[in-house]
Amino acid sequence: MSAEPILRAEGLTKAFGKMLAVCDVSLELRPGQALGIIGPNGSGKSTLINLITGFVRPTSGRVFFKGEDVTRVPPHRRVDLGMARSFQMARPFYGLPVFKNVVVPLTSRRARRHLGQEFGDRDEAAVHLLEDVGFERDSAIPTKRAGELPHGYLKRLELARVLALDPDLVILDELFSGMSMSEIAGILPLLERIKAAGKTLVMVEHRLRELFRVVDSVVMLQFGEKIAEGTPEQVMARPDVIEAYLGAEVK
Amino acid sequence: MSKVPHGFRRERVDRGVAVRTRDVFALASGRDLAWLLLPRVLPLAALLAFPLLGSRVSGYGQTVVLNTLVVALLALSWDLLASAGLVSLGQAFFFGLGGYVAGYLNARLGLPPAVTIPVATVAGAAVATVVLFPLLRLRGIYFGMITFALPLLLMRVVESTGLLGGTEGLSGLTPLPSRTVELYLVLAAALVTLVAFRRLGTSDYGLLFQAIRDNDRAVIASGFDLQRRKAQVVFLAALPAAFAGAFVTHRYQFVGMPAFALDYSTLPLTSAVIGGPGSFFGPVVGSFILVPLSELLREFGSLRVVVYSAMLLAFTIGLPEGLFRFAARKWSQLERLVPIEETTRER
Amino acid sequence: MDGLLASTLVFGLVSAATLLLTALGFSLTFGLSGVANFAHGGLYLLSGFTAWMLMKLGLPFLAAAALTVALVGALGALLYRVVIMPVRGIVLAEVISTFAVGVAIIEFFRWKGFTTYDYALPELVEGSVELLGVSVDWQRLLIVAIALALTLGLWAFTHWTKIGLALRGMSQDEYTALSVGIESDWAAMLSLALGSALAAVAAVVLLPLGIISINSGYDALLVALAVTVLGGLESTAGMIIGSLVLGFAVTATGNYIGPRWGEVVYLGAIVLVLAFRPSGLLGASKELEERV
């Protein structure tokens, strides 16, 4: 494992008006690491993801990706550099057929550079990716309009869109929420494969049990601040974490 | 629904075609082929033959067809913008820019139409794109608001400052060689635009435009420069509209404030909505309904504007898919009567 | 004080108040319900002619004006029920349908021949007064006063009254508002009614300065768009600043460079704002930020 971190965030802070959504958060990720970000609702998890991926400009602080300062780099360029994300609210390209939803990222510069040689036909590549994330083989679903998909499928479609970009850093914002247990169980091996392929993974999650099967370290946010960091066992053992996040559940 | 006569049953006309499309197409019967080809070939043939009729059609008839095709060009442009989620309320902006560039090049530099029209097409579209570029960072209705305001403001600026000929406009411009040339030129432009935009819609490049309309955030997250892609849509869409402006300038041998008039915004908008946005055929069909209708109502003055505003409203609320999709659906659902075979009847 | 400067200050303020008053209804409706009411200009013109016709029926001006405001406000509510509600949420259709209504109203009056000099409303107060050595008629000062009073009144309404707060809550988070018992359609209808009534107020106060010309309908919409684009679509403070900037800039340009250059300022201001601050001077950044 190389010593050079793939992602480094330094003192990231974002203020919306007077409210500090994220306050002085620093992170470091080594290649191949899988990090979980947890915290109660409104603790700034999604904003942190937006800051890392460039969808929101930080009030202060810096982001380094593969050693390069990307703080001022627009989000689509960060995708090109190898950082791809899913959204908490999985919204497809409603009017397009499901497989065309995956063709869109496949036509991006990064996908053409990375996957262009591998697959001849983008439509075919899209269908393969859909099968990877658990769409039934040979079903009629990929040709349906994406707007007609049920929620669990939307989440997986979102994942396929991310994987189509062949990213080095995969950022998943609440992938499991709204998925059934069996759907999650179907996804876990895929996440293992992503890790095994040497990709770095960041997951924002509320479903801790499932999350801890994937990640090897955890960061806990509360009121926009990082209050704990370590392996899942270390973090969950801390009394302030239990109090802040799981209080009701433990009692 | 009329009653089915004894011994017959209904069958969808497209049944044979639907069964065969996955198979060898040559097996189609003459009747199936006619059903498929008539709505496609007939209008095209009629349009291509129209200019050849020459003096057998009144000059007025030719004018109406010319005006219709000009509006069709503007409506096609509108539809491409709409396909990327950009609602234009000011097609006159693109039209006027094309018109004034052509007029200026011809009046001041003495360039012939063969030069001014192509140059104005590209330059007009480029200017429009540059002006609108910063706006493309924003979502929502800004695009409609600004495109509505710009042509009207430009008109007032030309009026009050006297720039570019002021209220007089630029007149005495070089005419196009003949009416037949005019007809074929604008017809060719409309067909090229139609085919090009349709092909764009099915290409992976054009797929992105629809993706922008559906979810711009996911387009960025898929690695695309949203603002640049939107600018490309605006440029491509502005091309036929600027061409229309340049063409009309030479046709009337005049360009002036009317080039930015509201009519050039509302007519294409209404055509596109009547015919149905999203297919590119719809806006063309819509213009072939709206422009002749508006000619019929000419003697009623601005009542015709009221009429097409009412149509705009009625179609937006009552038939958002538009006439083209509606008709195409009905056509594919046509039924014919077929005799029921003996064995079936005996049972 | 230099006469030209004094005149620029006084008439700049009047001009700013005029712009503000014209744009107020459009901006309020958009701010509260997110509907861009492109029929604003049509309603403005309709108000002018309605007041004129009511006066023809023998009503005194004030009564006619008040009735007009009430009628057009009701029409705004009807506009929401009949035209906007069926297409609510589809931005394209909302824009197109209100635009169609606006154009239809304006062109209807043009067709009916409402184009002569007979159509004018009386000034509420006649005579003029000296201000900084410049002669201003009372009607223009009245415009400033009404614009100011309405803006402050609306601010107070949306911040202190129960209905106002409910409307604002609606505009910020529709689902939460629904869950505490505010009905979205009701709130949007009210915002359309209020915005339309404000268009009518603007018409009965502003139109007495000249005749009621058909194109003042389009001009009113144009002004509303220019001011809101300049100031920022969802910001009341931005709209006031937008009006002030435009009002003084147009007046100053007219006074110092020449009256015919005043028109250029509108275009110039819009193009400049677009180039440097596309979301307007005080616009809440509408760029692609995903909130928590």
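Everything below is about the structure shown above.
Residues numbered from 1 in each chain as written. Chains lettered and ligands numbered in written order. Predicted model: local features only at pLDDT ≥ 70, side-chain atom pairs only at ≥ 80, totals over all residues.

Some points on the overall build of chain B
As a reminder of what qualifies: Here a strand is any run of E in DSSP of at least two residues, a helix any run of H or I of at least four, and the numbering for each starts at the N terminus. For every residue, the other C-beta atoms within 10 Å of its own C-beta are counted; 20 or more classify it as buried, 12 or fewer as exposed, and values in between as partly exposed. C-beta atoms are placed from the backbone. Placing C-beta atoms from the backbone, we regard two residues as in contact once those atoms come within 7 Å.
Scanning chain B from N- to C-terminus turns up 15 helices and 4 strands. For chain B, the spread of C-alpha atoms along the principal axes amounts to about 85 × 60 × 40 Å. Residues classed as buried in chain B amount to 48% of the 347 residues present. Look at the contacts in chain B between residues 6 or more apart in sequence, and 79% of them connect residues 24 or more apart.

With respect to the sheet that holds strand β2 (residues 19-29) of chain A
Strands pair in a sheet through their backbones, by hydrogen bonds, and they do so in one of two ways: parallel or antiparallel. Residues and elements named next belong to chain A. This is how it is decided: Here the rule is simple: two strands pair whenever DSSP picks up at least two bridges between them.
The 4 strands are arranged β2-β1-β4-β5 in an open sheet whose pairing can be described as antiparallel. The two strands at the open ends of the sheet, each matched to only one other strand, are β2 and β5 (68-69). Of the strand pairs in this sheet, strand β1 (residues 7-16) and β2 are connected by 7 bridges, and their pairing is antiparallel. Across the sheet, residue Leu7 finds its bridge partner in β2, namely Leu29.

Observations regarding the interface of chain C and chain B
Test applied: Residues are grouped as follows: Ala, Val, Leu, Ile, Met, Phe, Trp, Tyr, Cys and Pro are nonpolar; Asp, Glu, Lys and Arg are charged; all remaining types, including Gly, are polar.
Tallying the contact residues gives 40 residues for chain C and 41 residues for chain B. Those elements that place two or more of their residues in the side of chain C that touches chain B are α4 (91-111), α9 (216-231) and α11 (262-276) of chain C. Of the residues in the side of chain C that touches chain B, the class split is 31 nonpolar, 2 polar and 7 charged.

Topic: the environment of Phe135(A)
All names here are of chain A. Tracing the chain through its elements places Phe135 in the loop between α5 (122-132) and α6 (151-163). A tally of 20 C-beta atoms within 10 Å means that Phe135 is categorised as buried. The spacing of Phe135 and Ala160 is 25 residues in sequence and 10.0 Å in space, taken between C-alpha atoms.

A word on the sheet that holds strand β10 (residues 225-230) of chain A
All names here are of chain A. Applicable threshold: Working convention: axes come from line fits to C-alpha atoms, limited for helices to the stretch in contact. Angles between N-to-C directions cover 0 to 180 degrees.
On the basis of which strands lie adjacent, the open sheet formed by 6 strands has the order β6-β7-β8-β3-β9-β10 and mixed pairing. Whereas interior strands pair on both sides, the edge strands pair on one side only; in this sheet they are β6 (83-85) and β10. Strand-to-strand twist in this sheet, taken as the mean axis angle between neighbours without regard to direction, amounts to 15 degrees. Here 3 bridges tie β6 to strand β7 (residues 169-173), and the two strands are oriented parallel to one another. From the neighbouring strand, Arg85 faces β7, where its bridge partner is Ile171.

Quick notes on the packing of helix α5 (residues 113-132) of chain B against helix α10 (residues 226-252) of chain B
Residues and elements named next belong to chain B. We apply this condition: Should an angle fall under 35 degrees it is called roughly parallel, over 145 degrees roughly antiparallel, and 65 to 115 degrees roughly perpendicular, with every other angle called oblique. Left-handed describes a crossing whose near helix is turned anticlockwise from the far helix through less than a right angle; right-handed describes the clockwise counterpart.
Here α5 crosses α10 at 140 degrees, and the two axes come no closer than 7 Å. Taken together, the axis directions place α5 and α10 in an arrangement best described as oblique. As α5 runs across α10, the sense of the crossing is right-handed. Contacts between α5 and α10 involve Pro113, Thr116, Ile117, Ala120, Thr121, Gly124, Ala125, Ala126, Ala128, Thr129 and Leu132 on the former and, on the latter, Ala231, Val234, Phe235, Ala238, Leu239, Ala242, Phe243, Gly245, Ala246, Phe247 and His250. Classifying every residue of the contact of α5 with α10 gives 16 nonpolar, 6 polar and no charged.

Side note on α5(B)
All names here are of chain B. Applicable threshold: By this rule, a helix spans an expected 1.5 Å times one less than how many residues it contains. Consider a residue and the seven residues that end there alongside the seven that start there; fitting an axis to each set, the bend is the angle between those axes.
Along its 20 residues, α5 runs 27 Å from first to last C-alpha, staying within 8% of the 28 Å computed at 1.5 Å per residue. The largest bend in α5 is about 25 degrees, located at Ala120. For α5, the full list of buried residues reads Pro113, Thr116, Ile117, Ala120, Thr121, Gly124, Ala125, Ala128, Thr129 and Leu132. Contact partners of the buried residues in α5: α4 (91-109) and α10.

A word on α5(A)
If you check which residues of α5(A) are buried, you get Arg122(A), Ala125(A), Ala126(A), Val127(A), Leu129(A) and Leu130(A). Where α5(A) terminates, the next one or two residues include Gly134(A), which has phi positive at roughly 105 degrees.

Details of unusual backbone geometry
Positioned with a positive phi, Glu174(A) is a non-glycine residue whose angle comes to about 50 degrees. As for its position among the elements, Glu174(A) is in the loop between β7 and α7 (181-196). Here Glu174(A) falls in the buried class, since 21 other C-beta atoms lie within 10 Å of it. Of note in the backbone geometry, Gln253(B) takes a positive phi value of approximately 55 degrees without being a glycine. Considering the arrangement of structural elements, one finds Gln253(B) in the loop between α10 and β3 (254-255). Classification of Gln253(B) as partly exposed rests on a count of 15 C-beta atoms within 10 Å.

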